[in-house]
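# Descriptive analysis of the structure
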Amino acid sequence: MFLADTQSFSFLCKKITIMNILILGSGGREHAYAWKLAQSKKLKKLYIAPGNAGTSKLGENVSIAATDFDAIKKFVLNNDVNMVVVGPEDPLVKGIHDYFLADSQLKAIPVIGPQKDGAQLEGSKDFSKQFMFRHAIPTARYETFTKETLEQGLKFLETLEPPYVLKADGLAAGKGVVIPTTLEEAKVELSEMLANAKFGSASAKVVIEEFLKGIELSVFVLTDGNSYKILPAAKDYKRIGVGDTGLNTGGMGAISPVPFANEEFIKKVEARVVIPTINGLKKEGINYKGFIFIGLMNCGGEPYVIEYNVRMGDPETEVVLPRIKSDLLDLFEGVANNNLHEKSFELDSRFATTVMLVAGGYPEEYKKGDVITGINEVKETMVFQAGTTFNGNEIVTNGGRVIALTSYGDTMQEALKKSFVAAETVKYQGKYYRNDIGKDLESYFN
Ligand code: AMP
Ligand code: GLY
């Protein structure tokens, strides 16, 4: 069914399917997808909706929002798109994959990303906690409360030790987790979330959970619903300020591999988290096709799941994809055709590091439209654009996170050195980046 919609030709006696691909999204993650897919011998034409100034060099940007399903349908049919790769969670939680499956003209076109049922792993904290408990996946103890059970929630807080972890159930643009340090603050916060709808409908339910002490990392899985590939692990830097201080951001930099995630630890993650997750999804009749981002706490060598996301991370993608040597489109074809287990999967053993340049003021109010210079002078580093667009011939800032600068190195320090040189080379008004990405990991190399 899938082959019938694509073009094939003979190449060195081997049949190769070539495809037109549409990537949905506009960040550094999507630029990294575009960069990797553009290297595939299976690619015919690449489209990115809506994309950014960086993706326009690798394919054709299409001015359609990633959640405008009707416009996406029209575009896909008019342009013979053979596969849709979904970057962000929003279209997945809103059901883009279900939309395709329910449409007779679209249903043969594979979507990389789960359907609505699987997307609940990210779309509802309560669902994902219940899922983990149903399948004995290690995670923090928790209870869920609503406006009606606010009093019980306040009592539950009294049974916990500080700090307190309060999570809005639904999607809240990465802001829905609050970690107050005193009982008093925690009670005020819970009341605001439930009684005053602090995060709108996202906080109609609130998960309160035990605080886990440890060091965080993320493990990524690509699955066709049965078999899976474990992608390189990465560590993200979420806070805006040096020394992990200040407000949370989408991510200020990333490192892969993670030195404390050794083979023994990853084996534990596979046995206790990855396999039970894939089997759990199957048991519940959830046909999951796409990425699973597993946010983990390493507590003294034992993995605990903090959260699932149903997409790749940003900026983690900017270090994970550069470490995959295999053809990403071939892997996606495996996801679509249920033969991921037959696909070759080779990794690059080098370190990859990325440093995110952001707009002054981010993650609070920031300016857009500042001219960016120096991109062409960057020599030893890959420039993944995030919040950028064109103003005539000039590339200008167009978002809080502007550019991710990814470098390879035989050591983490060598890679970071290149990323920091590039961070000085690229210029725009108000530029800010964290100059301590990776610093906390240096002790693991001594
Ligand atoms: P989440 O959106 O669930 O990833 O939470 C955002 C951040 O809050 C995580 O990256 C952690 O740093 C922190 N966090 C979430 N849950 C816990 C927990 N149970 N214990 C400690 N920190 C947590
Ligand atoms: N960097 C964290 C995320 O993509 O959710």
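Everything that follows concerns the structure shown earlier in this document.
Residues numbered from 1 in each chain as written. Chains lettered and ligands numbered in written order. Predicted model: local features only at pLDDT ≥ 70, side-chain atom pairs only at ≥ 80, totals over all residues. Heavy atoms only, no water.

## A look at the overall build of the protein
When helices and strands are counted, the protein shows 12 helices and 23 strands. Here the C-alpha atoms of the protein give a radius of gyration of 22 Å, agreeing with the 22 Å that 2.2 N^0.38 yields for 446 residues. With the C-alpha coordinates of the protein rotated into their principal frame, the extents come out at 65 × 50 × 45 Å. Buried residues in the protein amount to 58% of all 446 residues. Within the protein, residue pairs in contact and separated by at least 24 positions form 68% of the contacts whose partners lie at least 6 positions apart. (Helix = DSSP H or I, 4+ residues; strand = E, 2+ residues; numbered from the N terminus. Rg over C-alpha atoms; globule rule 2.2 N^0.38 Å. Buried < 20%, exposed > 50% of the residue type's maximum accessible area, 1.4 Å probe, protein only. Contact = heavy atoms within 4.5 Å.)

## Remarks on helix α5 (residues 116–123)
Residues Gly118, Ala119, Leu121, Glu122 and Gly123 constitute the buried set of α5. Contacts made by the buried residues of α5 are with α3 (90–93), α6 (125–134), α9 (263–283) and β18 (302–309).

## Let's talk about the layout of surface pockets
Regions of empty space are outlined by a rolling probe, equal in size to a water molecule, passed over the atoms. Space inside the second largest pocket adds up to approximately 350 Å³. The wall of the second largest pocket is formed by 18 residues, among which Lys57, Ile375, Asn376, Gln385 and Ile395 lie closest to the centre. Secondary-structure elements contributing two or more residues to the lining of the second largest pocket are β20 (382–385) and β22 (394–397). Here the lining of the second largest pocket is composed, by residue class, of 8 nonpolar, 8 polar and 2 charged. (1 Å grid on protein atoms, 1.4 Å probe; cavity = no way out; pocket = protein on both sides within 12 Å on 5 of 7 lines; lining within 4 Å. Points joined across faces, edges and corners; volume = space filled by probe spheres on them. Nonpolar A, V, L, I, M, F, W, Y, C, P; charged D, E, K, R; others polar.)

## Some thoughts on the packing of helix α7 (residues 150–158) against helix α8 (residues 183–194)
Where α7 contacts α8, the axes come no closer than 10 Å and their chain directions differ by 155°. What the angle tells us is that α7 and α8 run roughly antiparallel. With respect to the hand of their crossing, α7 and α8 are arranged in right-handed fashion. In contact with Leu150, Gly153, Leu154, Leu157 and Glu158 of α7, α8 contributes Leu183, Ala186, Lys187, Leu190, Ser191 and Leu194. A class-by-class count of the residues in the contact of α7 with α8 yields 7 nonpolar, 2 polar and 2 charged. (Axes fitted to C-alpha atoms, helices over the stretch in contact; angles between N-to-C directions. Parallel < 35°, antiparallel > 145°, perpendicular 65-115°, else oblique. Left-handed = near helix turned anticlockwise from the far one by under 90°.)

## Some remarks on the sheet that holds strand β10 (residues 205–209)
Within a beta sheet, neighbouring strands are joined by backbone hydrogen bonds and run either parallel or antiparallel to one another. Spatially, β7-β10-β8-β9 is the arrangement adopted by the 4 strands of the open sheet, whose pairing is antiparallel. Two strands close off the open sheet at either side, each with one partner strand: β7 (142–146) and β9 (177–178). The pairing of β7 with β10 spans 5 bridges and is classified as antiparallel. Counterpart to Glu143 in the pairing with β10 is Ile208. Across the sheet, α7 lies against β7, β8 (165–168) and β10, angled at about 150° from β7, the strand it touches most. (Pairing = 2+ DSSP bridges.)

## Some details on the sheet that holds strand β13 (residues 235–236)
With respect to topology, 5 strands assemble into an open sheet ordered β13-β16-β19-β23-β20, the strand pairing being antiparallel. At either margin of the open sheet sits one strand with a lone partner, and together these are β13 and β20. One ladder, built from 4 bridges, connects strand β16 (residues 253–256) with strand β19 (residues 351–358); its direction is antiparallel. Directly across from Ile255, in β19, lies its bridge partner Thr353.

## Comments concerning a nonpolar patch on the surface
On the surface, a nonpolar cluster with roughly 230 Å² of combined accessible area is contributed by Val177, Ile179 and Phe211. The partly exposed category is assigned to Ile179, whose relative accessible area is 42%. (Patch = residues over 30% accessible without salt bridge, like charges linked within 9 Å, V, L, I, M, F, W, Y side chains within 5 Å. Areas by Shrake-Rupley, 256 points an atom, 1.4 Å probe, with all protein chains shown as cover. Salt bridge = Lys/Arg side-chain N within 4 Å of Asp/Glu carboxyl O.)

## Details of the pattern of salt bridges
With the rule as written, the count across this model stands at 28 salt bridges. Glu189 is paired through a salt bridge with Lys198; the nearest N and O atoms lie 2.6 Å apart. Residues joined in a network through salt bridges with shared partners are Lys42, Asp330, Glu333 and Lys343.

## Some points on the packing of aromatic side chains
Summed over all chains, the structure comprises 16 aromatic pairs. A centroid spacing of 6.4 Å and a plane angle of 65° characterise the contact between Tyr33 and Phe332, whose relative ring orientation is edge-to-face. Taken together, the residues span a long stretch of sequence, with Tyr33 in helix α1 (residues 28–37) and Phe332 in helix α11 (residues 328–337) at a distance of 299 residues. Of the two residues, Tyr33 and Phe332, neither departs from the other in class, the shared state being buried. One aromatic cluster is present, formed by Tyr33, Phe291 and Phe332 through successive ring pairs. Here the guanidinium or amino end of Arg134 rests over the ring plane of Phe127, the centre of that ring lying 5.8 Å away. Across the ring face of Tyr237, the terminal group of Lys235 is positioned such that the distance to the ring centre comes to 4.1 Å. (Phe/Tyr/Trp six-rings, centres within 6.5 Å; stacked < 30°, edge-to-face > 60°. Lys NZ or Arg CZ within 6 Å of the ring centre and 35° of its normal.)

## Regarding unusual backbone geometry
Residues Ala49 and Pro50 are joined by a peptide bond in cis, for which omega reads -5°. Assignment of secondary structure puts Pro50 in strand β3 (residues 43–50). Of note, the bond from Asp314 into Pro315 is cis; its omega dihedral lies within 30 degrees of zero at 20°. On the secondary structure map, Pro315 appears in the loop between β18 and α10 (317–320). The backbone of Asp80 sits at a positive phi, close to 50°, despite the residue not being glycine. Within the fold, Asp80 resides in the loop between α2 (69–78) and β5 (83–86). Looking at Asp80, the relative accessible area reads 54%, which means it is exposed. A positive phi angle, near 55°, is found at Asp244, a position not held by glycine. For Asp244, the position within the fold is in the loop between β14 (239–241) and β15 (245–248). Asp244 sits in the partly exposed class, given a relative accessible area of 37%.

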